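# Observations on the model geometry
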Amino acid sequence: MNFFDQPLSQFPLTSVSDYRLMAKKRVPQQLFDFLEGGSFDEMTIRRNTEDFQKIHFKRRVLKDVSSIDMTTEIFGQKIDFPLILAPVGFAGIYARRGEVQAAKAAAKAKIPFSLSTVSICSIEEVAQNSSVPFWFQFYMFKDRGHSLDLLQRAHAADCPVLLMTVDLPIAGARYRYHRSRKSSRIANFLDGIFHLNWWIDVRLRGLPLTIGNMPSSAPALQDLSNMRKWMGNQLSQNVSWKDFEWVREHWKGKILIKGILDPEDAVIAQKVGADGIVVSNHGGRHIDGTLSTISALASISDAVEGKLKVLLDGGITSGLDIVKAVALGADACMIGKPWIYGLAARGEEGVGDILKILQNELKIVMMHLGVSSIDNINRNLIH
């Protein structure tokens, strides 16, 4: 029997890549291509992971690693290890009320969860079902009234951190996803039916499948393509640093600017009052040919000189990657696709398992490198 034909229960779930295979088997091809696909030739997606492999550790021995402290603090919140669940749009199409399940898993792991503006579950639904406050990702809309309403709703839900995403003026040329989308309706329908567990979990039990944070005036959106198209028409394409000042005026909590790839933009972010930045290329999903995030990280970290919190998003697939990112200047890392793999495969339990895998890998790497705390991870570990 071919490996991919095995029942789901027989998959060995020991790493993020194992969960990726299980997720691929569980969800329809169009949804998997939406998650995995990037723009143009997808070079940036590949470099986000491949460039981690070009970084090599120095290895020291005879260090006392009998006690390992992986905890760190970000914006006054102590977290069990330096990882945050990144915002992922439409996560609720991968498992029933997916954002709620992921928020619960993150709370149990004692790390932050970030809710996307374009989530299936609303701010209020996640807040009602989560035991701890979560972060909220924010896009600037053409309708400034709706933008303000989102800020007020996130504040009412006690979200402590706002992730202002600034690198999506327009959807990219996502050829892999578009090829899947343009399959015949009958083929897509059958693809869903053939993934019966997903169909029952999401299509039957996971309703309503709408963008939960959109105004009541939004049209009924029953499929992913229509949701994306409508959402794209709402986003403002003339966002500038002055718009950030407007957000800063109306948001009293912490603000991270997500989508920084250049040191000069990082310095501007610090000057205009951001509390932190996320080094991100949006996973290579909308523009190809940029630097990988790990390649951009060190120069950006040097430019802000510790005056801002610096997070890295993109390419993290193991505890090895987390150590490399922290060593090169990240205060913490974010993951998107890995937690969706867990969610698609096994719901809340799968997300929790992904986090346990990464935390255990982080501990193993720290012990082998002879560092006993996150604070001791620095560039001295890198060749």
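Our structure's up above, just so we're on the same page.
Quick notes on the rules
Residues numbered from 1 in each chain as written. Predicted model: local features only at pLDDT ≥ 70, side-chain atom pairs only at ≥ 80, totals over all residues. Heavy atoms only, no water. Helix = DSSP H or I, 4+ residues; strand = E, 2+ residues; numbered from the N terminus. Rg over C-alpha atoms; globule rule 2.2 N^0.38 Å. Buried < 20%, exposed > 50% of the residue type's maximum accessible area, 1.4 Å probe, protein only. Contact = heavy atoms within 4.5 Å. Areas by Shrake-Rupley, 256 points an atom, 1.4 Å probe, with all protein chains shown as cover. Pairing = 2+ DSSP bridges. Right-handed = clockwise from strand over helix to strand, strands pointing away. Core = buried A, V, L, I, M, F, W, Y, C linked by side-chain atoms within 4.5 Å. Axes fitted to C-alpha atoms, helices over the stretch in contact; angles between N-to-C directions. Phe/Tyr/Trp six-rings, centres within 6.5 Å; stacked < 30°, edge-to-face > 60°. Lys NZ or Arg CZ within 6 Å of the ring centre and 35° of its normal. Polar contact = N/O pair within 3.5 Å; in protein donor to acceptor, adjacent residues only side chain to side chain.

The subject of this paragraph is the overall build of the protein chain. Looking only at helices and strands, one finds 15 helices and 10 strands in the protein chain. In summary, the protein chain has a C-alpha radius of gyration of 20 Å against a globular reference of 21 Å for 383 residues, a match within 12%. For the protein chain, the residues scored as buried account for 55% of the 383 residues in total. Relative to all contacts within the protein chain whose residues are 6 or more apart in sequence, the contacts with residues 24 or more apart total 72%. On the protein chain, roughly 17,000 Å² of surface is accessible, and the fraction owed to carbon and sulfur atoms is 50%.

What follows is about helix α2 (residues 29-36). Extensive coverage of α2 is indicated by the burial of seven of its eight residues. Regarding α2, the residues found buried are Gln-30, Leu-31, Phe-32, Asp-33, Phe-34, Leu-35 and Glu-36.

Once that is clear, we can look at the side chain of His-146. Considering the arrangement of structural elements, one finds His-146 in helix α6 (residues 144-156). With residues up to four places along the chain from it excluded, the contact list for His-146 reads Phe-141, Asn-213, Met-214 and Pro-215.

In terms of burial, strand β9 (residues 309-313) is a largely internal element, four of the five residues being buried. Bridge count between strand β8 (residues 276-279) and β9: four bridges; the pairing is parallel. Within β9, the position partnered with Val-279 by the bridge is Leu-312. Read from β8 through helix α13 (residues 293-304) to β9, the crossover connection turns out right-handed. For β9 and strand β10 (residues 332-335), the ladder comprises three bridges, and the chain directions are parallel. Paired with Leu-312 across the strands is Cys-333, a residue of β10.

This part takes up the nonpolar core. With 113 residues, the main nonpolar core has Leu-85, Tyr-94, Phe-113 and Trp-339 as its most contacted residues. With 12 residues, the next largest nonpolar core counts Ile-79, Val-161, Leu-311 and Met-334 among its residues.

Structurally, the position occupied by Phe-141 is in the loop between β5 (135-138) and α6. Looking at Phe-141, the relative accessible area reads 3%, which means it is buried. The sequence separation of Phe-141 and Gln-234 amounts to 93 residues, and the corresponding C-alpha distance is 5.7 Å. In this structure, Phe-141 is in contact with Thr-117, His-146, Ser-147, Leu-150, Met-214, Met-231, Gln-234, Leu-235 and Ser-236, ignoring residues within four places of it in sequence.

With that settled, consider the side chain of His-286. Turning to its location among the elements, His-286 is positioned in the loop between β8 and α13. Those residues in contact with His-286 that lie beyond four places of it in its chain are Ser-39, Leu-168, Ile-170, Ala-171, Gly-172, Ala-173, Arg-174 and Arg-228.

This part takes up the sheet that holds strand β3 (residues 83-85). Read across the sheet, eight strands follow the order β3-β10-β9-β8-β7-β6-β5-β4 without closing on themselves; strand pairing throughout is parallel. In this open sheet, the two strands that pair with only one neighbour each are β3 and β4 (114-115). Both β3 and β10 contribute to a ladder of three bridges, which runs parallel. Counterpart to Leu-85 in the pairing with β10 is Ile-335. In this fold α6 packs onto β5 and β6 (161-165), with an angle of close to 175° to the strand it touches most, β5. Along the sheet, helix α15 (residues 337-369) makes contact with β3 and β10, crossing β10 at roughly 160°.

A separate point is the packing of aromatic side chains. Considering all chains together, one arrives at five aromatic pairs under this definition. Measuring from centroid to centroid gives 5.9 Å for Phe-40 and Tyr-175, while their planes differ by 80°, and the two rings are edge-to-face. Of this pair, Phe-40 sits in the loop between α2 and α3 (43-53) while Tyr-175 sits in helix α7 (residues 175-181); the two residues are 135 residues apart in sequence, bridging distant segments of the chain. The ring of Trp-246 carries the charged tip of Arg-144 above its face, separated from the ring centre by 4.5 Å. The ring centre of Phe-57 lies 5.5 Å from the NZ or CZ of Lys-324, which sits over that ring.

Once that is clear, we can look at the environment of Ser-130. Mapped onto the secondary structure, Ser-130 falls in the loop between α5 (123-129) and β5. Judged by relative accessible area, Ser-130 falls into the buried class, the value being 13%. Sequence-wise, Ser-130 and Lys-108 are 22 residues apart; in three dimensions their C-alpha atoms are separated by 10 Å. Side-chain polar atoms of Ser-130 contact the backbone oxygen of Val-132, separated by 2.9 Å.

Another point: the pairing of β5. Remark: a regular strand shows side chains that alternate across the two faces of the sheet. Here β5 shows a buried face lined by Trp-135 and Gln-137 and a second buried face lined by Phe-136 and Phe-138. Looking at chain direction, β4 and β5 are connected through two bridges and run parallel. For Leu-115, the partnering residue across the bridge sits in β5 and is Phe-136. Each parallel crossover has a hand, and for β4 linked through α5 to β5 it is right-handed. Two elements, β5 and β6, share three bridges in a ladder whose sense is parallel. Bridge pairing in β6 links Phe-136 to Leu-162. Traced from β5 through α6 to β6, the parallel crossover comes out right-handed.

On to helix α10 (residues 224-234). The set of residues buried in α10 consists of Leu-224, Ser-225, Met-227, Arg-228, Trp-230 and Met-231. Those residues of α10 hidden inside the fold are in contact with α2 and α7.

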